Amino acid sequence: MSFGPSPAGFGAPPPPQAWPPPSDIEQALFEAKARDDWATYFEELAQCRLFFEIRKDRADAAPGKAPYAVFGYDPRVAGGRIWALYTEGMLPAPEPHRVFDWNFLEWFAKVWTPTDPPVIVINPGSPCEAFLPSAPPHSASWAQYGDRAPARDRSMRLRTLRIGAPRQGAVAHGLACGALLCVNNGSFWNGMAWHGTGYPDERKRLAEWWGITTREEWQGCLRDLIACEQRSPVWDFALGVRRAIARDFGGYVDAGYWRQAVANVIRANSEGSVTVTESGVTKTDPRPEPEVQARIEGVQRLIGRITRYEARMRADGVLDENQYVSSVDAWDLGRASKMARWGLGARYGTLQEAESAVLQAGRAAAQSYKSWQAFSAGYILGRCLHFDDEEFGDWYQDVVEAHRILMSEPGSPWLDIPFR
């Protein structure tokens, strides 16, 4: 049987130069359709996440259960009822009460029931649209491509939206601050109008990883990330002592001197003090020696971890020789760039709120660092101090590979967008 344009004759592809596809996915579908090569069309489609509108009230009332799909209408189809599916680049801008979930091609044939629409439409109204019969036995003609599809490629890669997303300017700069996470997760680095992995998954992500289940919690977390207050203050203390030494002594800081300086500062701050104000005299007692010594040893162990990570980053080309990480602000700011979008995907915020937060993250990053390389090194160190425990495993290896892609691959925002 044939696929593609509806029986009424709509949907004939325009000349190739007439339509700029939003991403590589739609480009491949468009070219296959233009050649009338439906085998390739469905092979490409079988690799994609296919998004469909769902009932938000059902998703909110019963998290974890399959929410009801929202079906559409198309006058080109007999009876008008269709099941509209979208590839990632074709999703509409997020709206407060309109949300989406996704699945792979073969799933739609397996869950179809006689009360569902008789036709599925891929990317309705676009030059890469296709009309599929949704009922068996005809659905087997296209579902087979999903059933026999090779393992879906979820390897890290740089993905860019060509249409409907910023690629230069302040918003693009703020989005690029989250590019390490985007490359690692295979999402569009410049996707401001964020749907992510669908409304249910975006809510689940924030609940499981961040404990966020309300708009207020999302707003508070986002504020803390932009203010760089979502990591250990001990990291800031240790790195701050090294920055002070570097300013005073010309750059290079011996690790032994750094450890001793930390001990001196901790002891000085633990001796107790007397403060006189208009309200009276405030006195603090000296800290017990065992407590002081324990703190010194803890921070000195942290210094050892930091120096070992930096040595590995030099060996892996993340840091140049004699360079060190000035701060881990990037760990919070990179996550802030994505948290803004995650909150939009979960409908805890609006597109305007998310864009404002992305801009703030970008401005803060430009104040803390001088280059994308320095920003990246700060992010990598923060991530590894938080997760890796000096195993140099996936938490380290994956982000270093994302760093290499962003520092070298044509079309990378880190090559095309000035850091300041």
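Before any of the text, the structure's been laid out above.
Residues numbered from 1 in each chain as written. Predicted model: local features only at pLDDT ≥ 70, side-chain atom pairs only at ≥ 80, totals over all residues. Heavy atoms only, no water.

Trainee: In this structure, what is going on with the environment of Pro 418? I would like to understand it.
Mentor: By secondary structure assignment, the location of Pro 418 is in the segment after α17 (413–416). Assessed through its relative accessible area of 54%, Pro 418 is described here as exposed. Sequence separation between Pro 418 and Ala 255 is 163 residues; the distance between their C-alpha atoms is 33 Å. Those residues in contact with Pro 418, other than ones at most four positions away along the chain, are Gln 168, His 173 and Trp 372. (Helix = DSSP H or I, 4+ residues; strand = E, 2+ residues; numbered from the N terminus. Buried < 20%, exposed > 50% of the residue type's maximum accessible area, 1.4 Å probe, protein only. Contact = heavy atoms within 4.5 Å.)

Trainee: How should the sheet that holds strand β6 (residues 130–133) be read in this particular structure?
Mentor: Pairing between sheet strands relies on hydrogen bonds along the backbone, with the strands arranged either parallel or antiparallel. With mixed pairing, four strands are arranged side by side in an open sheet as β2-β3-β5-β6. For this open sheet the edge positions go to β2 (72–73) and β6, each flanked by a neighbour on one side alone. In terms of strand pairing, β2 meets strand β3 (residues 81–85) through two bridges, oriented antiparallel. Directly across from Tyr 73, in β3, lies its bridge partner Arg 81. (Pairing = 2+ DSSP bridges.)

Trainee: Just to check I follow, could you spell out the pairing of strand β1 (residues 50–54) for this structure?
Mentor: Consecutive side chains of a regular strand alternate in pointing toward one face of the sheet and then the other. With respect to burial, β1 is a largely interior element, five of its five residues being buried. The pairing of β1 with strand β4 (residues 99–103) spans five bridges and is antiparallel. Each bridged residue has a counterpart across the sheet, and for Glu 53 the counterpart in β4 is Phe 100.

Trainee: Mind showing me how you'd approach the layout of surface pockets here?
Mentor: Empty pockets left among the atoms are what a rolling probe the size of a water molecule brings to light. Estimates place the volume of the second largest pocket at around 450 Å³. Contributing to the lining of the second largest pocket are 17 residues, with Ser 326, Ser 368, Tyr 369, Lys 370 and Ala 374 lying nearest its centre. In terms of residues, the lining of the second largest pocket owes the most to one element, helix α10 (residues 233–249), which gives three residues. A class-by-class count of the residues in the lining of the second largest pocket yields seven nonpolar, five polar and five charged. (1 Å grid on protein atoms, 1.4 Å probe; cavity = no way out; pocket = protein on both sides within 12 Å on 5 of 7 lines; lining within 4 Å. Points joined across faces, edges and corners; volume = space filled by probe spheres on them. Nonpolar A, V, L, I, M, F, W, Y, C, P; charged D, E, K, R; others polar.)

Trainee: How should I be thinking about the state of the cysteines in this particular structure?
Mentor: Formally, a disulfide is one covalent bond, and it connects the sulfur atom of one cysteine to the sulfur atom of another. What the rule picks out here adds up to zero disulfides. Left without a disulfide partner, Cys 177 is nearest to the cysteine sulfur of Cys 228, which lies 11 Å away. Residue Cys 177 is classed as buried on the basis of its relative accessible area of 1%. Not part of a disulfide, Cys 221 finds its nearest cysteine sulfur in Cys 228, a span of 12 Å. (Disulfide = S-S within 2.5 Å.)

Trainee: Explanation requested: the nonpolar core in the structure shown.
Mentor: Most often, soluble globular proteins keep nonpolar side chains buried together rather than apart. One finds Trp 189, Trp 258, Met 339 and Phe 375 to be the most contacted residues of the largest nonpolar core, which totals 83 residues. Leave out the neighbours within four places in its chain, and Phe 375 touches Cys 177, Ala 330, Leu 333, Gly 334, Ala 365, Tyr 369, Trp 414 and Phe 419. Core analysis: the second largest hydrophobic core is formed by 44 residues, Trp 19, Phe 51, Leu 85 and Leu 105 among them. (Core = buried A, V, L, I, M, F, W, Y, C linked by side-chain atoms within 4.5 Å.)

Trainee: Is there a simple way to explain unusual backbone geometry in this structure?
Mentor: For residues that are not glycine, phi is negative in most cases, and the peptide bond is trans in most cases. Of the consecutive residues Pro 136 and Pro 137, the connecting peptide bond is found in the cis state with omega at 5°. Along the chain, Pro 137 falls in the loop between β6 and α5 (140–147). Not every positive phi belongs to a glycine, and Cys 228 is a case in point at roughly 60°. By the secondary structure assignment, Cys 228 is in the loop between α9 (215–226) and α10.

Trainee: What is the right way to read the environment of Ala 263 from this model?
Mentor: Tracing the chain through its elements places Ala 263 in helix α11 (residues 255–269). In sequence terms Ala 263 and Glu 297 are 34 residues apart; their C-alpha atoms lie 8.4 Å from each other. Setting aside its immediate chain neighbours within four residues, Ala 263 contacts Ile 296 and Gln 300.

Trainee: I keep staring at the pattern of salt bridges and nothing clicks. Help me out?
Mentor: The tally for this structure, following the rule as stated, stands at 25 salt bridges. One salt bridge in this structure joins Arg 215 and Glu 353, with 2.6 Å as the shortest N-O distance. One end of the pair, Arg 215, is in helix α9; the other, Glu 353, is in helix α14 (residues 351–368), with 138 residues separating them in the sequence. Note on Glu 353: relative accessible area 28%, which makes it partly exposed. Among the salt bridges present, the one from Asp 329 reaches Arg 231, with a minimum N-O distance of 2.6 Å. Taken together, the residues Asp 329 in helix α13 (residues 329–345) and Arg 231 in the loop between α9 and α10 connect sequence positions 98 residues apart. Looking at Asp 329, the relative accessible area reads 15%, which means it is buried. The exposure class of Arg 231 is buried, given its relative accessible area of 11%. Look at the salt bridges and you will find they share partners, linking Arg 231, Asp 236, Asp 329, Asp 332 and Arg 335 into a network. (Salt bridge = Lys/Arg side-chain N within 4 Å of Asp/Glu carboxyl O.)

Trainee: Got a minute to help me understand the packing of α11 against helix α12 (residues 289–315) in this structure?
Mentor: Geometrically, a packed helix pair is captured by the angle between its two axes and the distance between the axes. The interhelical angle for the contact between α11 and α12, taken along N-to-C directions, is 150°, at an axis separation of 9 Å. Comparing their axes, α12 and α11 come out roughly antiparallel. Considering the relative orientation of α11 and α12, their crossing is right-handed. Residues Ala 255, Trp 258, Arg 259, Gln 260, Val 262, Ala 263, Ile 266 and Arg 267 of α11 pack against Glu 289, Val 292, Gln 293, Arg 295, Ile 296, Val 299, Gln 300, Ile 303, Gly 304, Ile 306 and Thr 307 of α12. Class assignment of the residues belonging to the contact of α11 with α12 gives a composition of 10 nonpolar, five polar and four charged. (Axes fitted to C-alpha atoms, helices over the stretch in contact; angles between N-to-C directions. Parallel < 35°, antiparallel > 145°, perpendicular 65-115°, else oblique. Left-handed = near helix turned anticlockwise from the far one by under 90°.)

Trainee: Help me out: how do you make sense of the side chain of Arg 383 in this one?
Mentor: Within the element layout of this structure, Arg 383 appears in helix α15 (residues 372–387). No salt bridge is formed by the buried Arg 383, whose closest oppositely charged neighbour, Asp 398, lies at an N-O distance of 4.9 Å. Apart from the residues lying within four places of it in its own chain, the contact partners of Arg 383 are Asn 184, Trp 331, Asp 388, Asp 394, Trp 395, Asp 398 and Val 399. (Lys, Arg positive; Asp, Glu negative; His and termini not counted.)

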